[in-house]
Each structure stands twice: as structure tokens, then as C-alpha cells.
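# Chain and residue survey
Residue-level listing of the chains:
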Amino acid sequence: MTEQHKSVYPVSEAFKKRALIDRAKYDEMYEQSVKDPETFWGEHGKRIDWIKPYTKVKNTTYDYDNLSIKWFEDGELNASANCLDRHLEKRGDKTAIIFEGDEPSVSRHVTYRELHAETCKFANVLKTLGVSKGDVVTIYMPMIVETAVAMLACARIGAIHSVVFGGFSPEALGARIQNGQSRFVITADEGVRGGRTIPLKKNVDKALQSDRVPDVERVIVVTRTGSDVPWNEDRDARYEDLMKSASADCPPEPMNAEDPLFMLYTSGSTGAPKGVLHTTGGYLVYAAMTHEYVFDYHEGDVYWCTADFGWITGHSYILYGPLANGAITVLFEGVPNYPDASRMGQVVDKHKINVLYTAPTAIRALMAKGDDCMANTSRESLHLLGSVGEPINPEAWEWYYRVIGNSKCPIVDTWWQTETGGILISPLPGAIDLKPGSATLPFFGIQPAVVDNDGNVLEGATEGNLVMLDSWPGQMRTIYGDHERFKQTYFSTYKGRYFTGDGVRRDEDGYYWITGRVDDVLNVSGHRLGTAEVESALVSHDKVAEAAVVGYPHEIKGQGIYVYVTLIQGEQPSDELRKELIQWVRQEIGPIASPDVIQWAPGLPKTRSGKIMRRILRKIASNEHDQLGDTSTLADPGVVDELIQHREFK
Ligand code: WT7
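The rules behind each value
- Residues numbered from 1 in each chain as written.
- Predicted model: local features only at pLDDT ≥ 70, side-chain atom pairs only at ≥ 80, totals over all residues.
- Heavy atoms only, no water.
- UniProt positions renumbered as here; feature names shortened; annotations may be inferred.
- Helix = DSSP H or I, 4+ residues; strand = E, 2+ residues; numbered from the N terminus.
- Rg over C-alpha atoms; globule rule 2.2 N^0.38 Å.
- Buried < 20%, exposed > 50% of the residue type's maximum accessible area, 1.4 Å probe, protein only.
- Contact = heavy atoms within 4.5 Å.
- Pairing = 2+ DSSP bridges.
- Near = heavy atom within 4 Å.
- Polar contact = N/O pair within 3.5 Å; in protein donor to acceptor, adjacent residues only side chain to side chain.
- Areas by Shrake-Rupley, 256 points an atom, 1.4 Å probe, with all protein chains shown as cover.
- Nonpolar A, V, L, I, M, F, W, Y, C, P; charged D, E, K, R; others polar.
- Core = buried A, V, L, I, M, F, W, Y, C linked by side-chain atoms within 4.5 Å.
- Phe/Tyr/Trp six-rings, centres within 6.5 Å; stacked < 30°, edge-to-face > 60°.
- Lys NZ or Arg CZ within 6 Å of the ring centre and 35° of its normal.
- Right-handed = clockwise from strand over helix to strand, strands pointing away.

You'll find the protein chain entered in an unreviewed UniProt entry as Acetyl-coenzyme A synthetase, with Marinobacter halodurans given as the organism. Per UniProt, the protein chain carries the Catalytic activity (unreviewed entry) text "acetate + ATP + CoA = acetyl-CoA + AMP + diphosphate".

Time to look at the overall build of the protein chain. In terms of regular secondary structure, the protein chain is built from 20 helices and 31 strands. For 650 residues, the compact-globule estimate of 2.2 N^0.38 gives 26 Å, and the C-alpha radius of gyration of the protein chain, at 24 Å, lies within 12% of that figure. Considered along the principal axes of its C-alpha atoms, the protein chain spans approximately 75 × 65 × 60 Å. A buried classification covers 60% of the 650 residues belonging to the protein chain. Pairs at least 24 residues apart make up 72% of the contacts formed inside the protein chain by residues separated by at least 6 positions.

The strand order across the open sheet built from 8 strands is β12-β11-β8-β6-β7-β14-β15-β24, with neighbouring strands paired in mixed fashion. Across the chains shown, the open sheet's two edge strands, defined by having one partner strand only, are β12 (236–238) and β24 (478–479). Sheet topology note: the strand β6 (residues 136–140)/strand β8 (residues 184–188) ladder contains 4 bridges and is parallel. Bridging across to β8, Tyr140 finds its partner in Thr187.

Turning our attention to the UniProt feature "domain: AMP-dependent synthetase/ligase" (unreviewed entry) in the protein chain. Mapped onto the present numbering, the UniProt feature "domain: AMP-dependent synthetase/ligase" (unreviewed entry) falls on residues 85–468. A distance of 35 Å separates the end C-alpha atoms of residues 85–468, which is 30% helix and 23% strand.

With that settled, consider the site of the ligand. Close contacts around the ligand come from 17 residues, with Asp413, Thr414, Thr418, Asp502 and Arg528 the closest. Thr414 has a polar backbone atom sitting 2.7 Å from a nitrogen atom of the ligand. At a separation of 2.7 Å, an oxygen atom of the ligand approaches a polar side-chain atom of Asp502. In the complex, 96% of the free accessible area of the ligand, which totals 550 Å², lies under the protein chains. Residue composition of the shell around the ligand, grouped by class: 6 nonpolar, 6 polar and 5 charged.

With that out of the way, let us pick up the UniProt feature "binding site: Mg(2+)" (unreviewed entry) in the protein chain. When the UniProt feature table is mapped to this numbering, "binding site: Mg(2+)" (unreviewed entry) covers Val539, His541 and Val544. Structurally, Val539 can be placed in helix α17 (residues 531–539). Among all residues touching Val539, those that are not within four sequence positions of it are Val544, Ala545, Glu546 and Ala547. Structurally, His541 is set in the loop between α17 and β29 (544–554). Judged by relative accessible area, His541 falls into the buried class, the value being 4%. Sequence-distant contacts of His541, defined by excluding residues within four places in its chain, comprise Leu577, Glu580, Leu581 and Trp584.

This part is about the nonpolar core. Across soluble globular proteins, nonpolar side chains have a tendency to be buried as a group. Counting residues in hydrophobic clusters, the biggest one holds 190 residues, and the most contacted among them are Leu115, Phe122, Phe295, Tyr320, Ile404, Leu428 and Phe444. Residue contributions to this core peak at 10 residues, all from helix α7 (residues 145–157). In this structure Leu115 touches Leu84, Ala96, Ile97, Val110, Val145, Val149, Leu152 and Leu323, once residues within four positions along its chain are discounted. Tyr552, Tyr562, Ile612 and Ile616 belong to the second largest nonpolar core, which has 19 residues in total.

Attention shifts here to the packing of aromatic side chains. Going through the model one piece at a time under the given rule, you end up with 38 aromatic pairs. Residues Tyr283 and Tyr320 carry aromatic rings whose centres are separated by 5.8 Å and whose planes lie at 85° to one another, so their mutual orientation is edge-to-face. Within this pair, whereas Tyr283 is found in helix α11 (residues 281–294), its partner Tyr320 is found in helix α12 (residues 312–324), the two being separated by 37 residues in sequence. One aromatic cluster is present, built from ring pairs that chain together Tyr26, Tyr30, Phe40, Trp41, Trp50, Tyr54, Trp71, Phe72, Tyr286, Tyr293, Phe443 and Phe444. For Arg176, the ring lying beneath its charged end belongs to Phe168, and the centroid distance is 4.3 Å. A cation over a ring is seen here: Lys435 above Tyr511, with NZ or CZ 4.5 Å from the ring centre.

A word on the pairing of β6. Extensive coverage of β6 is indicated by the burial of 5 of its 5 residues. For β6 and strand β7 (residues 160–163), the ladder comprises 4 bridges, and the chain directions are parallel. The partner of Val137 across the bridge, within β7, is His161. Once you follow β6 into α7 and on to β7, the crossover reads as right-handed.

Among the structural elements, His161 can be located in strand β7. Residues His161 and Gly134 lie 27 residues apart in sequence; the distance between their C-alpha atoms is 9.5 Å. Once residues lying within four places of it in the same chain are set aside, the contact partners of His161 are Val137, Ile139, Met151, Cys154, Leu261, Phe262, Met263, His315 and Tyr320. A polar side-chain atom of His161 sits 2.7 Å from a polar atom in the side chain of Tyr320.

Written out as C-alpha cells, the structure reads:
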């Protein structure tokens, strides 16, 4: 155990006074939640409004052959009504969204009443264009208010939104549109981030040109920059034109609790990205409840989650959780280092933000600039900080605590996944003493366990693979269009348990320390990428015979992308080719998949049956080639020496 792991930050006096949940309450509620989930969730399910109340609460089994995950299954509700209509009476004229533009001079407040009216209008627009309940609508947008409107409008009429991150390439967008058989796309002329424009509409056009993507009937284009974009009269329509004549009266569609709310693509260890499907009732209960308790949300608190709508964090903790709670949620179009590294502090001061929820990679990037980058901001309004997306190293934790939080704000290190819908392991700030680098203890209803590679449950202080023993309402229900893959991916490794794909250590206080992925999934700046995805992009280049991709420790990004490339016979390595391959991957997937290091590999280490030994490649990339482990199954040990000799340093 290192020194850092010994430091403990007890619950602060300030939080003892204000917190919704103290330690005794946490213990009592947690115990009830796992001993009697039926009663616990039956009660907490009522925190949202139901059009038809549920009489059944939990119907779940992880038994592989009878796998079933249903929550509140006979209830009916509408997610947009829960985020909008039910607040109109009490806080209609209060702020729902504070929009902060890419340029620091631009910001505006949107009230619940305004957001409700816009959403109803756009829901009517969608209906007029032919969108019906159950249709998949692709949203490829910048971080602007219209994106929230588009998501909520889909929810209002029972369409399934599929948000694709605006940083993904036309190819990646096309693949997602195709997989979801989506006939409708909502986009903007251009996005603006960090002073640069992103050609969203052009990218949509490119994606739709591919013959793999059939049948998109309508592309709705929001005007963000007003620049000229190519136009297809039969297919494209302007958001602003459509909204002019739309009625603001649109009753919410009653949805069954188990009707889909949205899907969101994420990377796995094999194959193409999968469409994680979330349903309506359980998801909303869970997103709202975790938002309230983890961020200790009180009416009027100004809350800022810096994520993008393209990721689950944006869904659960910018949109659905906060709005279901009637919160004030900040929507930021830009990046933390534009115009300069003080931006995050500037935004906090400008809007008197109380809760800041961001990612370790952003914290490390600011930390690298030095304490001065926060010098001209006070951040006095902050009382709570949050972290998400990857393990936060204790150094970054301490810096976040001391510099951004002025040594007075607890940090909630929230562990969860696209698949989990909401936070599963995290401190509650008024209840749980903090240890830098640990996500601490499970949320209500969550039963984590540590298993060895054979699936034996390990007790006490130990280390192994992280599984969940039972379901919670926010859990994903299936992979869109591929239920078999859902079962295979999450429930076949350890029968009867949900496998997270993460490694974990549990200490003597029962605290969980996530150690990172144990499968072939990378976490680059908090973004998930399958090594198989990057490899398949590389081998689709005509000069590449074979490629192997592994992660290595990267100071800012957490993990960097290290690529071993074998060229086809007759091709010569060169710096140009290296640049070309990096460009190729960016074009196939997007800038987030840019290789950091490319090493030319005359051969790759393989077993006699031809399987690439990634374990060895990881060690070489991480400069730990003195700890290669067992190499006796290598078909040609000479390959390894060659790779070590020509390791690329960066
Ligand atoms: C993977 C899920 C959850 C929303 C953002 C990422 C890693 C996430 C933490 C944390 C250590 C974390 C895990 C997980 N991860 N949060 N607080 N501490 N690791 O969602 O893209 O689905 O990725 O991110 O490895 O499995 P995602």
C-alpha cells in the first residue's frame, strides 16, 4: 500500500450540516436497498411522476438461460413530462439550462417554461415529418440548447434517440445510422468548439452518401453558424423554418416503463460498437435519484457537468437526472482550455456554480499548466466537485481538491458505465469519508463483488474482477438488435453475474479502487475505444497487412494508443506513411482514436495457434519489457526481441 492510499478526508463540517444523507442514513438505506429491493425501489420509484402507477417493482434474474431485467414493468410515464411539465407550476419561470457558448461573451438562461414550449413544438415538428413511437432518431449535434430540445422531443413522442458524438467521423456516424436503421437525422450546419468549426452537416452528407446507409428520409438542420452548407431539397429541412408554424401543444405520449428511451453506442472488446439500449422508467428513477444524492442536490444549486451529450454522462447528468429533479444545469458548448486554461474557473465564477463534475483528463491537462492557470478566478461558489470517466490518480485528485476546490470541496469519484445508466460506486458527500483515488462505496441497491478469473467470489480486502450480483433500475436492457451479444458480453464470463470489464481492489474498509479495464477496451481521455475497432480501421488501409493496438500509460490522457503495424510485402516504413495512417484512423473513427505511437513491426508475437499475444505487446509499449511473463507459448520468440529493440519512445 502506497502512502497516498493512507490519506483520508473525513466528511466536511459544511456537508455534515447540509447533506441529505449522513453515514447512519446511508447504512440504513443501503441495508434496506439490498435486503428488500422490492420495498426500497417501490418507494423511491415514486420520486418521478407516473401516468399509470406501477404495481410491480422488480422482475429481474441474472440466470443465464432466463435472463430478464424489468423494473416497474406495468407502470406508464413520459420522461420529457418528468423533466418539464411537472416543474411548470412550481418553477416554470426558473432557469432549467444555463447555456455557456464557446465564446466567453455568449451565455443565456432557458427557463423550464421556455424549454417545455420548444420541446413541444419540436415534438410536433417530428410528428409532422413522420416520426412515430419506436422510430430511431439520430442526433449529431454540437453542445447547444437545441440538442437538449431534440432529445426531449424524441422522448415526448416515444421516439428512440441515438446521439452520436459530434467528434465522430462520417464513417463512424454512417455505421451507427445504419445499425439503428434510423430514418431521421438531426444535425447543425456546423459546430463550434475551442474557436474551431466542425462541419457537421457536411459530415452527415458524407455519411449518407455511402451505400451502406440507406433510407434516411429527413435531415433536420439547426442553424448554428449560418455558413453555407450543401442542401438536398428533397431531404433536408431547416429547424428554424419548421419551428415557425409548429404548435406548442403536444401531450406527452404515455410510455411503458420498459419502452426504450434511447440507445447510445459504445465500444466493446470485440466487433463493432454496440447500441446500448436504455428503457424509460428504471433509467429515469435511477438517473434522478443518483443525481440528487451523489451531488447532494438542493433546489437552486447551480450544477455543471462538463460532459458532451454524445456520451452517457451527458444523457444522465446534464439532461435527464438534473431536469427530472428540477435542477439548474449548465450546458457548455466549448472546451476547458479555450480561450485559455482559466476558462473553467471563469465559467464557475460567471454563473456562481456550486457543483462541478468533470473528467480526470481535463484536470490533468490543467494541472500540467500549473496552479497559475486558476489564479485570476476565485471559484468561491463551489461546494462540491465530481470526477468521472477513468481512475483519477491521487496527484490529480489532490490538485483538483486544493487548486480548483480551494481545499474546501469534497470530491465524489463516480464509477459507472454507459451500460449502467447511472452512478454505481461513489461517495455520498455527507456520508462517506474520502480516499483520493477510490470510488469508495456502492450506491443504494448496488451489490458489487470481486471475483477471481474462475468466478469465485472473494471476500474481504482483495483484488480481482468487478461484477454485480443483482440488477438496479438504470441497467441497460439489451444491445439494440442483438440480444444474444448482450448476454454473451455481460453475462457469460461469470455465469449469473453482470461483468463490468473492470479490475478492482477492495481495501480493508470495504472501499473499491477501480484498477482499469481487464478486457481489450482502451480508455483514452475518458473515451472508450475497442482495440479491435482501431485495428480494423488500420487493416482497411491497403498498405497494412496486420495491426495490433494496445494502451500504454499517458500522462494527460490516462491511456495512449500504441499501434504495431506490419506492412504488406514490398511497402517501406516512412514518416509520411506514419502520418497517413494516423490520418486514416481519424477519418475512419474520429480524432479521439488518433494513434499516439506507431511502431513498425516486421512480425507480431503470436501463439502457435496464431493468436496475437497482447499481454506482451502491452508490456513493450509500457516500457516494462523486463516483466514479459511467460513467453513459452510464443511461436517465434525472436519477434519479441526485435520489437523491444525498435520500441518507439514518446
Ligand atoms: C468505463 C466506462 C461512466 C461515464 C463515463 C464513461 C471507466 C468510468 C470511472 C471512475 C475508474 C472509471 C471504467 C468503466 N470509468 N468512471 N470513476 N474510476 N474508472 O463511460 O465510456 O461507458 O466507460 O470507464 O473502466 O468501465 P464509458
